[in-house]
Amino acid sequence: MGFVKTRDISREIRERCGVFAVVGHPKASELCYYGLYALQHRGQESAGIAVLNGGRIQTKKGMGLVADVFTKDDIVRLRGGSALAHVRYSNVGDEGGIEDAQPISVKMWQGQMAFAHNGNLINAPRLRARLEQDGSIFQTTSDCEVIPHLMAKSGLNDPVKALIKSLSDVRGAYSLCVLTSKGVIAAKDPHGVRPLCLGKLDGAYIICSETCALDAVGAEFIREIDPGEVVFIEEAEHPGSDVGRAKPPVSCYIDGARGKRGMDLCVFEFIYFARPDSDLYGINVHAARKALGRRLAQKDSLSADLVMGIPDSSLSAATGYAEEAGIPYEMGIVKNRYIGRTFIAPTQPLRELGVKIKINPLRKVVSGKRVVMVDDSMVRGTTSKYLVGLLKAAGAKEVHVRISSPPYRFPCFYGIDTSSSGELIAAEKTQEQIRELIGADSLAFLDVEDLEEILGRRAGNLCTACFTGKYPIPLEGEYR
Ligand code: SF4
């Protein structure tokens, strides 16, 4: 028995990152710390905070959860009026060591800067190969690192201009923040795939992945960053080094991206990634999930004794289903919330003895019952199969699986860790074959049209490529 990396049984897909930046607040690093706590669901592999103090950037980062990486003394030492913070989850096959933890701090001829992003740059391998042939030396395996190299070669002294020029060469889905010697530059890709919003706290500004992080620090939501928008927020002039206040944000756009607001936002942010207390383009994530659950029930004519959701991301959809179907909502499974990403995994003999340290069914609730098990997504099918088995072993008479999204058929290349299409259960199997494989008594999914009707009406166009194979940003090289 040893310390091993394991996949969370309830999570077959993972968000890769969350960002949180502050400009002009005397407690910038403290705000970042609490902001990262609120964004912990977006990445549990590493965390980092970079602060700007007297024109100098100081960084602390480490592997593990936010609570493991920073001590109280670290936060006290990270004094400064502006800061940039990041939580990360590495991709499959990428060990994601400390060198890849963000923010990535670099000293360039334009000054010292720190970079943090959420997403994936489709053409990073090609850009990196070209830059390396031209003599650039990379310190990390992160796709984000091509951006400072492009900026260094841009010939432009002004970091905002250098960044805009560099981003016009970059293709992919990204929400990026750069801490410079003057403040923070934030940018969202022209398709607006990953979320990024702007908030305000006293005289300071905050830019972060989700509105739940604004709530966590008591900040007021101002607006979403537009697709293709680059926002620069400069610290106000002040004689001290760690006093707050910021100048109003100044916006410009990458290439001709202006006017593409809401275009191609990742639909999975609604289905699964974002926290239920976050709002995306004015839509509350919990309410959206509930509406998806309601739609599942509207398309159903099932007789059952109880409806249950898989904690935590499916609970909203399950309540929507239960309300619409008029079937009692129950807690059928309990998840242990105190297990981090790394833990001592039970060995095979212990597993065979029934050691269930992460998830446990409520035998007295499900025994002898016809159960509707609502889950938000099905990727490889292994989780569904395991959960159906657990419920049946706990005495459930029937288990009907309802998925509040369509069958996941195509891999994501925009910053989400899934699998190659060979591992995606719906890529090659029919619905009936999947039902049989997971051992359910019945199985139903939503359609892409349901998502578009319920979410797209207000959010604008949505990326649904993992369901449809229609990738809004053209793929290239190894991503094709
Ligand atoms: S392919 Fe799927 S997971 Fe990836 S960005 Fe598009 S909707 Fe989101």
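Cut-off values and rules
Residues numbered from 1 in each chain as written. Predicted model: local features only at pLDDT ≥ 70, side-chain atom pairs only at ≥ 80, totals over all residues. Helix = DSSP H or I, 4+ residues; strand = E, 2+ residues; numbered from the N terminus. Buried ≥ 20, exposed ≤ 12 C-beta atoms within 10 Å, placed from the backbone. Core = buried A, V, L, I, M, F, W, Y, C linked by C-beta atoms within 7 Å. Contact = placed C-beta atoms within 7 Å. Near = placed C-beta within 6 Å. Nonpolar A, V, L, I, M, F, W, Y, C, P; charged D, E, K, R; others polar. Pairing = 2+ DSSP bridges. Axes fitted to C-alpha atoms, helices over the stretch in contact; angles between N-to-C directions. Parallel < 35°, antiparallel > 145°, perpendicular 65-115°, else oblique. Left-handed = near helix turned anticlockwise from the far one by under 90°. Expected span 1.5 Å × (residues − 1).

## A look at unusual backbone geometry
And then number 1: For the bond running from Q102 to P103, omega is 5 degrees, close enough to zero to count as cis.
And then number 2: Within the secondary structure, P103 sits in the loop between β6 (82-88) and β7 (104-108).
And then number 3: Cis rather than trans, the peptide bond between P311 and D312 has omega equal to -5 degrees.
And then number 4: Note on placement: D312 falls in the loop between β19 (306-309) and α10 (315-325).
And then number 5: If you check the backbone angles, Y281 has positive phi at about 50 degrees while not being a glycine.
And then number 6: Mapped onto the secondary structure, Y281 falls in the loop between β17 (279-280) and β18 (283-284).
And then number 7: Its 18 C-beta neighbours within 10 Å are what place Y281 among the partly exposed residues.

## Overview of the nonpolar core
And then number 1: Counting residues in each nonpolar core, the largest one holds 146 residues, and the members touching the most others are A21, A83, V184 and A186.
And then number 2: Setting aside residues no more than four positions away along its own chain, A83 makes contact with A21, V22, A28, S29, C32, I49, A50, V51 and L52.

## Considering the site of the ligand
And then number 1: If you check the shell around the ligand, you find V193, C266, V267, F268, C412, Y414, I416, C463, T464, A465 and C466 and nothing else.
And then number 2: Among the residues making up the shell around the ligand, the classes are represented as ten nonpolar, one polar and no charged.

## With respect to the sheet that holds β19
And then number 1: The strand order across the open sheet formed by four strands is β19-β23-β24-β26, and the pairing between neighbours is parallel. Both edges of this open sheet fall to β19 and β26 (442-445), since each of them pairs with a single strand only. Geometrically, the sheet is characterised by an average inter-axis angle of 20 degrees between neighbouring strands, direction not taken into account.
And then number 2: With four bridges connecting them, strand β24 (residues 398-403) and β26 associate as parallel partners.

## Observations regarding the sheet that holds strand β10 (residues 183-188)
Pairing between sheet strands relies on hydrogen bonds along the backbone, with the strands arranged either parallel or antiparallel.
And then number 1: If you walk across this open sheet you meet the six strands as β7-β8-β9-β10-β14-β15, and the pairing is antiparallel. Since the sheet does not close on itself, it has two edges, and those belong to β7 and β15 (250-253), each with one partner. In this sheet, neighbouring strand axes are inclined to one another by 20 degrees on average, regardless of whether the strands run parallel or antiparallel.
And then number 2: Direction of pairing for β10 relative to strand β14 (residues 229-234): antiparallel, over a ladder of five bridges. Counted as the bridge partner of A187 is V230 from β14.
And then number 3: Helix-sheet contacts for helix α6 (residues 159-167) involve β8 (111-121), β9 (172-179), β10, β14 and β15, and the interaxial angle to β10 is about 20 degrees.

## Brief notes about the packing of helix α9 (residues 285-298) against α10
And then number 1: The geometry of α9 relative to α10 is characterised by a closest axis approach of 6 Å and an angle of 45 degrees between their N-to-C directions. Viewed along their axes, α9 and α10 adopt a mutual orientation that is oblique. As α9 packs across α10, the resulting crossing turns out to be right-handed. On the side of α9, the interface is formed by H286, R289, K290, A291, L292, G293, R294, L296, A297 and Q298, while α10 contributes S316, A317, A318, T319, G320, Y321, E323, E324 and A325.
And then number 2: Of the residues contributing to the contact of α9 with α10, the split by class is eight nonpolar, six polar and five charged.

## Topic: α9
Think of an α-helix as 3.6 residues a turn; residues three or four steps apart then line up on the same face.
And then number 1: With 14 residues, α9 should reach 20 Å at 1.5 Å per residue; the first-to-last C-alpha distance of 20 Å fits that figure.
And then number 2: A large share of α9 lies buried, amounting to eleven of its 14 residues.
And then number 3: Buried residues of α9: V285, A288, R289, K290, A291, L292, G293, R294, R295, L296 and A297, and no others.

## Some remarks on the pairing of β9
And then number 1: Summarising burial for β9: eight of the eight residues are buried, a large majority.
And then number 2: Going residue by residue along β9, you find G172, Y174, L176 and V178 tucked away on one face and A173, S175, C177 and L179 tucked away on the opposite face as well.
And then number 3: As paired strands, β8 and β9 are joined by eight bridges and run antiparallel to one another. Bridged to A116 within β9 is C177.
And then number 4: In this structure, β9 lies alongside β10, joined through five bridges in antiparallel fashion. Across the sheet, V178 pairs through a bridge with I185, a residue of β10.
And then number 5: In this structure, the hairpin formed by β9 and β10 is closed by a connection of three residues.

## A short note on the environment of L391
And then number 1: Here L391 is to be found in helix α13 (residues 382-393).
And then number 2: Residue classification places L391 among the buried residues on the basis of 28 C-beta atoms within 10 Å.
And then number 3: Residues L391 and V366, 25 residues apart in the sequence, show an inter-C-alpha distance of 7.0 Å.

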